[in-house]
Amino acid sequence: MWLKLFFLLLYFFVLFVLARFFEAVVWYETGIFATQLVDPVTLSFKKLKTILECRGLGYSGLAEKRDVRELVENSGELMQGELYSALKNEKEETGSDSSTTFSGEMHFYELVEDTKDGIWLVQVIAQDRNPLLSTANWGKMVQKVSQFGIRTGTFNCSNDTRYCRKRGWMKSTLIMSVPQTYASKGKVMLKEYNGRRIETEHIFKWMTAHVASRIKTIRFSQQLMDDWYQKEKQPVKMFLFAKLLQPPAFFSALSIKFTGRIEFIFVDLRNWDNASCLEEIGVQHMPSYILKTPEGIYRYGNSTGEFISLHAMDMFLRSVQPEVNDLFVLSLVMVNLMAWMDLFITQGVTIKRFVVLISTLGTYNSLLIISWLPILGFLQLPYLDNFYEYSLKLLRYADTTTIASWVRSDWTFYSSHPALFLSTYLAHGLLIDYFEKKRRCGNEDQNANNLEWLSSLWDWYTSYLVHPIASFQNFPNESDWDDDPNFILERLAFPDLWLRPLVPIDYIKNLPTWRFKCTQPQGIVTGSQENQPNRMVHPSGDEPDGGQQEHHYSSENTHNDGGGLTGMKLEESWASGEEQDTDWSHWPSGMLHCTECVVCLENFETECLVMGLPCGHVFHQQCIVVWLAGGRHCCPVCRWPSYKKRPARQPYADYPSE
């Protein structure tokens, strides 16, 4: 997880550097920056109207270019970045109708009346009547209002005649839904358009007038000073100082979107009586967008990416005063970007990469949702109000810096160019994949194809269905199981199905293997040694020549299911053999010293391969592999599971010699 987080942070740093590189290229080719101011005098009449439409100001009664230019200047300073975005959005506009078609009363109530923080414009078509707006005019209206976050829909009374009679919609009309109160998640009110003119500009002007009426308007200096220094429950306020009849539509739309979090105030300076009070509170330029917080004031529009538009100001206010849903969406994006790194970090066949990716996506998203549940519960506790306020204070300090403005600008840039974002993410992932292959240097088997890995995955899955606990001991990367398709059916025939664990045998490759070494024979064993089959010495002990006590175990103590016949065979084997002076120095730590394999009942020969189990018992490598591959995943001597690490062994007790 930490490796994925490191790669993700590295990717964000690459995006930051790449954005600065693009700015340098644009400056080199055109000699301008995105934050450079534009003189409206140099713009054409068409571009000026485009700017006014993006800001949400009506210009229907303005016939001369000078009046349109003054309206642009009075609404805010124009930057190169805002002009480029406005012209780009105008070119990308299409005639597609993205409005909702309501099926009945419940659908209308769920989307319109139950929506507490949005604006709806609904065209009601009376039964057996024509719509108020034609299809072409309604499409233009949808495009005009959708850029301010206003949702649109069509309600045909033929689908629900009873609800139309209940509402009094006997003729085709337009309905606008806006929040009724200033509290978050408050009630909504429906307003009907009663105008005679059905042009798009007049309908839009009617909408903006109703939305702007919800914003507090100040026209006198004393009223401004009282409101400026008044300590209310809402500590964050957004002021607009301008010489306008009403605030722009984007400013009004934001006031509804941030209801309960930020208070929006419009200061009308057309007939202002006292200019000294503006200098006292720090307002020196007109128009000005001022964010007032307990920490001080911040003039919006001086940093990178702070344009006079809905999307730019929305991004700024979300970072300054976020809600829980904003933080959850941000964490969701971060977690999924981290999870997708697994597609490039995982080495192997393509199917394996996608299976691991799906598993990681499910795991990370589940953990994210589970983690957010207690966080939401803690945020509702009254004892954490101070912690919540201090967290917002630190966040506001950080989000009003220059670096934060760069981050917001880059986020807006890459979100408007998704192809560039995806291509850079893919290139970053391919580089990670390349360096991961170099770092691992073939530690994993890369020769398996997709079918082989799917077969291995199917083997593990069937094992999980039969014995879930045993299957989690080792998730297979390769398939070493029998390829017989009737394997599961044969397993179902055993009456001890739930007593015999079905365990993958990949762990056998990790068991310690070495060669048995000895020096010269020491003669025939004595009679006392003949009665001591399967002689084993504790790893910490030495040979009898070294003066250490030798520990002996009979077959009765070491074999749980052994019998008299096995003991007789062991005695015969040891009676007919020769004791050898064995070199124990090369034995792995934790392995019991012995000279005979209890599987084949043969003594170890010089330079033969031997293998040890986690319990410490040692056998011929070929003998124990055949034993384990047959499904008996335990030690032939002590029955300890051969795939499970044994705890630290206690010192052996001293046994009296016979």
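Not measured: the values here are computed from a predicted model. (Residues numbered from 1 in each chain as written. Predicted model: local features only at pLDDT ≥ 70, side-chain atom pairs only at ≥ 80, totals over all residues. Heavy atoms only, no water.)

Chemist: Got a sec to walk through the nonpolar core? Specific residues and values, please.
Modeler: General note: in soluble globular proteins, nonpolar side chains tend to be found buried as a group. Residues M141, M238, F264, Y289, M313 and L317 are the most contacted members of the largest nonpolar core, which totals 61 residues. Counting 27 residues, the second-largest nonpolar core is a separate cluster that includes Y507, V598, V618 and I624. (Core = buried A, V, L, I, M, F, W, Y, C linked by side-chain atoms within 4.5 Å. Buried < 20%, exposed > 50% of the residue type's maximum accessible area, 1.4 Å probe, protein only.)

Chemist: Describe the packing of aromatic side chains, with residues and values.
Modeler: Inspection of every chain in the model, using the stated rule, returns 31 aromatic pairs. Residues F251 and Y289 carry aromatic rings whose centres are separated by 6.1 Å and whose planes lie at 55 degrees to one another, so their mutual orientation is tilted. Of this pair, F251 sits in helix α10 (residues 249–257) while Y289 sits in strand β9 (residues 288–293), placing them 38 residues apart in sequence. When its relative accessible area of 0% is taken as the criterion, F251 is described as buried. For Y289, a relative accessible area of 2% puts it in the buried group. On the basis of an interplanar angle of 70 degrees and a centroid distance of 5.4 Å, the ring pair of Y434 and F435 is categorised as edge-to-face. Relative accessible area serves as the criterion here: at 47%, Y434 is assigned to the partly exposed category. Taken together, the ring pairs connect F102, F108, W120, F155, Y163 and W169 into an aromatic cluster. Between the NZ or CZ atom of R20 and the centre of the ring of F16, over which it lies, the distance is 4.8 Å. Residue placement shows K292 over the ring face of W228; its charged tip is 5.6 Å from the ring centre. (Phe/Tyr/Trp six-rings, centres within 6.5 Å; stacked < 30°, edge-to-face > 60°. Helix = DSSP H or I, 4+ residues; strand = E, 2+ residues; numbered from the N terminus. Lys NZ or Arg CZ within 6 Å of the ring centre and 35° of its normal.)

Chemist: Any details on the pattern of salt bridges? Residues and values, ideally.
Modeler: A side chain with one charge may pair with a side chain of the opposite charge, provided their charged atoms come close. A complete count under the given rule lists 24 salt bridges for this structure. Note that E105 is salt-bridged to K166, the shortest N-O span being 3.8 Å. Of this pair, E105 sits in helix α5 (residues 105–113) while K166 sits in helix α7 (residues 161–167), and the two are 61 residues apart along the sequence. The closest approach of N and O atoms between R318 and D326, which form a salt bridge, is 2.4 Å. For D326, a relative accessible area of 13% corresponds to the buried category. A single salt-bridge network, built from bridges that share partners, covers K257, R261, D314, R318 and D326. (Salt bridge = Lys/Arg side-chain N within 4 Å of Asp/Glu carboxyl O.)

Chemist: How would you summarise the sheet that holds strand β5 (residues 188–192) if you had to cite specific residues and measurements?
Modeler: The strand order β1-β3-β2-β4-β5 describes an open sheet built from five strands, whose pairing is mixed. Strands at the two margins of the open sheet, each flanked by one partner only, are β1 (100–102) and β5. Between one strand and the next, the sheet's axes are offset by a mean angle of 25 degrees, whatever the strand orientation. Bridge count for strand β2 (residues 120–125) against strand β3 (residues 151–156) is six bridges, and the pairing is parallel. Bridging across to β3, Q123 finds its partner in T154. (Pairing = 2+ DSSP bridges. Axes fitted to C-alpha atoms, helices over the stretch in contact; angles between N-to-C directions.)

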